Amino acid sequence: MASLNPLNWPVLRQAKSRDVLGLGPTSQSPTYQNLEARTTTADKVVESVCPYCAVGCGQRVYVKDNKVIQIEGDPNSPISRGRLCPKGSASEQLVNAPGRVTDILYRAPKSKEWVKLDRETAMSMITERYLEARKKHWQDTDEHGRPVRRTLGIASLGGATIDNEENYLIKKLFTATGAIQIENQARI
């Protein structure tokens, strides 16, 4: 084993090469010299936006075999210029977490069991309930007869895992359907 040979110890390599501070190649181990970044093996790189807050930091998502292998800051982003906060840096774990629920689950009122639903059924249920709440609580005019055309039966609290584009579309949807109680976690 060459690494156990005292002549290969970093201190002796430093002394022989006059690298007094140990900042040159003498401080690198063979293991370090053979390291390769995960990003070099990626099949493709996808530009994205960090899902954690409303800042909209740019991300580069590295994909190999249709699986996310690394997420880094996008240096071309005018917002974050390649930097990410600790949560943004760890967003790969959000995608690849082994406990991540990827099924649509529904628990009926007073039920103790969760049931898997297909997307079409879940969307139909949400649409029906949304329209029912809008119709039931619709106000054409206020108590003084002024037109308000609104509903107080629907409210929205957006999460910080929704990016700016999604927030924009959700705001437009809720406003167009008459909801006025619209808030976002990023502002609270």
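Not measured: the values here are computed from a predicted model.

So, unusual backbone geometry
Even without a glycine there, the phi angle at D65 is positive, about 55 degrees. When its relative accessible area of 62% is taken as the criterion, D65 is described as exposed.

Quick notes on the layout of surface pockets
In this structure, the largest pocket spans a volume of roughly 260 Å³. Mapped onto the lining of the largest pocket, the elements with two or more residues apiece are α5 (119-136) and α6 (164-176). Sort the elements by how many residues they give to the lining of the largest pocket and α5 lands first, with four residues. Here the lining of the largest pocket is built from residues that sort into five nonpolar, one polar and no charged.

Overview of a nonpolar patch on the surface
A surface patch of nonpolar side chains, about 320 Å² in accessible area, is lined by L7, W9 and L12. Locating W9 in the fold gives a position in the segment before α1 (10-17). By relative accessible area, W9 is classed as partly exposed at 48%.

Some points on the sheet that holds strand β8 (residues 179-184)
Spatially, β6-β7-β8 is the arrangement adopted by the three strands of the open sheet, whose pairing is mixed. What marks the edges here is a single partner per strand, and that holds for β6 (138-141) and β8. Between one strand and the next, the sheet's axes are offset by a mean angle of 30 degrees, whatever the strand orientation. Sheet topology places strand β7 (residues 147-158) next to β8; five bridges connect them, and they run parallel. Considered in β8, the bridge of S156 is made with I182. With respect to the sheet, α5 is in contact with β6 and β7, its orientation differing from that of β7 by roughly 140 degrees. Lying on the sheet, α6 is in contact with β7 and β8; it crosses β8 at an angle near 160 degrees.

Comments concerning the pattern of salt bridges
Evaluation of the coordinates by the stated rule reveals three salt bridges. Salt-bridge contacts for D103 lead to K116; the nearest nitrogen and oxygen are separated by 3.2 Å. Here the residue D103 occupies a position in the loop between α4 (91-96) and β4 (104-106), and K116 occupies one in strand β5 (residues 115-117), the gap between them amounting to 13 residues. Take D103: its relative accessible area is 40%, and that puts it in the partly exposed class. Between D142 and R146 there is a salt bridge, with the nearest N and O atoms lying 2.9 Å from each other.

Some points on the packing of aromatic side chains
Within the structure shown, the criterion is met by one aromatic pair. Geometrically, the ring pair formed by Y130 and F174 is edge-to-face, given 5.8 Å between the ring centres and 65 degrees between the ring planes. In this pair, Y130 sits in helix α5 while F174 sits in helix α6, placing the two residues 44 residues apart along the sequence. An identical accessibility class is assigned to Y130 and F174; each is buried.

Reading the values: the criteria
- Residues numbered from 1 in each chain as written.
- Predicted model: local features only at pLDDT ≥ 70, side-chain atom pairs only at ≥ 80, totals over all residues.
- Heavy atoms only, no water.
- Buried < 20%, exposed > 50% of the residue type's maximum accessible area, 1.4 Å probe, protein only.
- 1 Å grid on protein atoms, 1.4 Å probe; cavity = no way out; pocket = protein on both sides within 12 Å on 5 of 7 lines; lining within 4 Å.
- Points joined across faces, edges and corners; volume = space filled by probe spheres on them.
- Helix = DSSP H or I, 4+ residues; strand = E, 2+ residues; numbered from the N terminus.
- Nonpolar A, V, L, I, M, F, W, Y, C, P; charged D, E, K, R; others polar.
- Patch = residues over 30% accessible without salt bridge, like charges linked within 9 Å, V, L, I, M, F, W, Y side chains within 5 Å.
- Areas by Shrake-Rupley, 256 points an atom, 1.4 Å probe, with all protein chains shown as cover.
- Salt bridge = Lys/Arg side-chain N within 4 Å of Asp/Glu carboxyl O.
- Pairing = 2+ DSSP bridges.
- Axes fitted to C-alpha atoms, helices over the stretch in contact; angles between N-to-C directions.
- Contact = heavy atoms within 4.5 Å.
- Phe/Tyr/Trp six-rings, centres within 6.5 Å; stacked < 30°, edge-to-face > 60°.

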